[in-house]
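Listed below are the residues making up each chain.
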Amino acid sequence: MSRHRARTAIGAGVIAAALVAVAARAQPPSGIVHGGGSSKPLLEAGSELYAANCASCHGIAGRGVPFPEKHGVGNIEEQGPPLIGVGALAPDFYLRTGRMPLAHAGEEPERQRPFFSDHEIRALVAYVARLGRGPAIPHPRPATGRVPEGYSLFSEHCAGCHQIVGEGGYVTGAKVPVLEHATPRQIAEAVRIGPFVMPSFSKAHISDDELDKIIAYVLASRDPEDRGGLGIGHIGPVPEGIVAWLVAAVVLVGVCALIGERVRS
């Protein structure tokens, strides 16, 4: 095989592997079962969907699994938290952002395409909400929030992890998601729930009015004006510092070269 053909084969193999990885990422967890239509009442459909997709981790009637399961749906080997009293808030967030169900209970829930249809999600949410009284789905009104005040609140409560314009990042033991695709309702749900390692904020810490302002700022920050120059990814002072050092290094080299020419002359 010629060197050109070898390179072509290697390149094709790399592309194929990448496509397989992306396809695997887009596939639902092993063992997921769909409701098969929207003719059934919500609670009946939700009960069946829960039994098929959630009970192995969250337990019968949402009571949780106190000890690790060895052979659960999707090869789940770790326990799941109880869902009694979570209301409609948590299941709506996790299902609509594709963070549930997980292939393995110990992994970090990450945003992806929802695995269920809208009817199936509403059915599951209705079923879980009936397990015990809990918070309802929020209805934020970001249009009523002031962006400058939202900026101050976001800087105080959120920017330490999500970066000042919601570009995400990394913290100990977790990846911080980008907020670009989050809807106002999903942002409000996340603030109240505190998914994964994120802290939850009650209305005593962040009121509904303040939450509207935070959401208004997040929506506005998706299209920053960058009046001071290039945004450089909008992820804070690190890339800005790198650019500053590169510019300074070029200037210093130029100054040294100029001084050297004068000394030799």
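Residues numbered from 1 in each chain as written. Predicted model: local features only at pLDDT ≥ 70, side-chain atom pairs only at ≥ 80, totals over all residues. Heavy atoms only, no water.

Novice: Would you take a moment to explain the overall build of the chain for this structure?
Specialist: Along the backbone of the chain there are 10 helices and 2 strands. Listing the helices and strands of the chain from first to last along the sequence gives α-α-α-α-α-α-α-β-β-α-α-α. Here the chain holds 265 residues, and 33% of them are scored as buried. Long-range pairs, those at least 24 residues apart, make up 59% of the contacts in the chain with a sequence separation of at least 6. In the structure as shown, the chain presents an accessible area of about 16300 Å², 62% of it carried by carbon and sulfur atoms. (Helix = DSSP H or I, 4+ residues; strand = E, 2+ residues; numbered from the N terminus. Buried < 20%, exposed > 50% of the residue type's maximum accessible area, 1.4 Å probe, protein only. Contact = heavy atoms within 4.5 Å. Areas by Shrake-Rupley, 256 points an atom, 1.4 Å probe, with all protein chains shown as cover.)

Novice: Which parts of the structure should I look at to understand the layout of surface pockets?
Specialist: Rolled over the atoms, a probe sized like a water molecule indicates the empty space that remains. In this model, the largest pocket occupies a volume close to 800 Å³. Forming the walls of the largest pocket are 37 residues, and the residues nearest its centre are R99, H162, V176, P177 and L179. Secondary-structure elements contributing two or more residues to the lining of the largest pocket are α4 (89–96), α6 (147–157), α7 (159–162), β2 (174–176), α8 (184–193) and α9 (208–220). In terms of residue count, α8 provides more of the lining of the largest pocket than any other element does, 4 residues in total. Classifying every residue of the lining of the largest pocket gives 24 nonpolar, 7 polar and 6 charged. Taken as a whole, the second largest pocket spans an internal volume of roughly 630 Å³. Lining the second largest pocket are 29 residues, and of these H58, P81, L83, Y94 and M100 lie nearest its centre. By residue number, the principal contributor to the lining of the second largest pocket is α4, which donates 5 residues. Per-class residue counts for the lining of the second largest pocket are 23 nonpolar, 5 polar and 1 charged. (1 Å grid on protein atoms, 1.4 Å probe; cavity = no way out; pocket = protein on both sides within 12 Å on 5 of 7 lines; lining within 4 Å. Points joined across faces, edges and corners; volume = space filled by probe spheres on them. Nonpolar A, V, L, I, M, F, W, Y, C, P; charged D, E, K, R; others polar.)

Novice: Can you walk me through the nonpolar core in this structure?
Specialist: The tendency in soluble globular proteins is for nonpolar side chains to be buried as a group. Y50, L95, F116, L124 and V128 are the most contacted members of the largest nonpolar core, which totals 18 residues. Counting residues per element, the ones that place at least two in this core are α2 (42–53) and α5 (118–129). Of the residues forming this core, the biggest block, 6 residues, is contributed by α5. In contact with L95, other than residues within four places in its own chain, are M100, P114, F116, I121, L124 and V125. If you look at the next biggest cluster of nonpolar residues, it comprises 17 residues, including F154, V165, I187 and I215. (Core = buried A, V, L, I, M, F, W, Y, C linked by side-chain atoms within 4.5 Å.)

Novice: Sorry, what's going on with the pattern of salt bridges here?
Specialist: Side-chain pairing between opposite charges can occur once the charged atoms of the two side chains come close. Within this structure, the stated rule accounts for 12 salt bridges. For D118, the salt bridge goes to R96, with nearest N and O atoms at 3.0 Å. Within this pair, whereas D118 is found in helix α5, its partner R96 is found in helix α4, the two being separated by 22 residues in sequence. Using a relative accessible area of 42% as the deciding quantity, one classes D118 as partly exposed. Here D209 ties to K213 by a salt bridge, and the two come within 3.3 Å at their closest N and O atoms. Of the two residues, D209 and K213 are both situated in helix α9; the distance of 4 residues between them amounts to about one turn of the helix. By relative accessible area, which is 42% here, D209 ends up partly exposed. By relative accessible area, which is 14% here, K213 ends up buried. (Salt bridge = Lys/Arg side-chain N within 4 Å of Asp/Glu carboxyl O.)

Novice: Help me understand the side chain of T97 in this model?
Specialist: Within the fold, T97 resides in the loop between α4 and α5. The buried category is assigned to T97, whose relative accessible area is 0%. Aside from chain neighbours lying at most four places away, what touches T97 is E110, R111, Q112 and Q186.

Novice: Got a minute to help me understand unusual backbone geometry in this structure?
Specialist: Of all residues except glycine, most have a negative phi; of all peptide bonds, most are trans. For the bond from M100 to P101, the omega torsion is 0°, close enough to zero to count as cis. Within the secondary structure, P101 is located in the loop between α4 and α5. The phi torsion at Q163 lies on the positive side, around 70°, for a residue other than glycine. Along the chain, the position of Q163 falls in the loop between α7 and β1 (169–171). Its identity as a non-glycine residue notwithstanding, F196 has a phi of 55°, on the positive side. Position of F196 relative to the elements: it lies in the loop between α8 and α9.

Novice: What am I meant to see in a nonpolar patch on the surface here?
Specialist: On the surface, a cluster of nonpolar side chains totalling about 510 Å² of accessible area is made up of V243, V247, V251, V255, I259 and V263. On the secondary structure map, V263 appears in helix α10 (residues 237–264). Residue class for V263 comes out exposed when judged on its relative accessible area of 66%. (Patch = residues over 30% accessible without salt bridge, like charges linked within 9 Å, V, L, I, M, F, W, Y side chains within 5 Å.)

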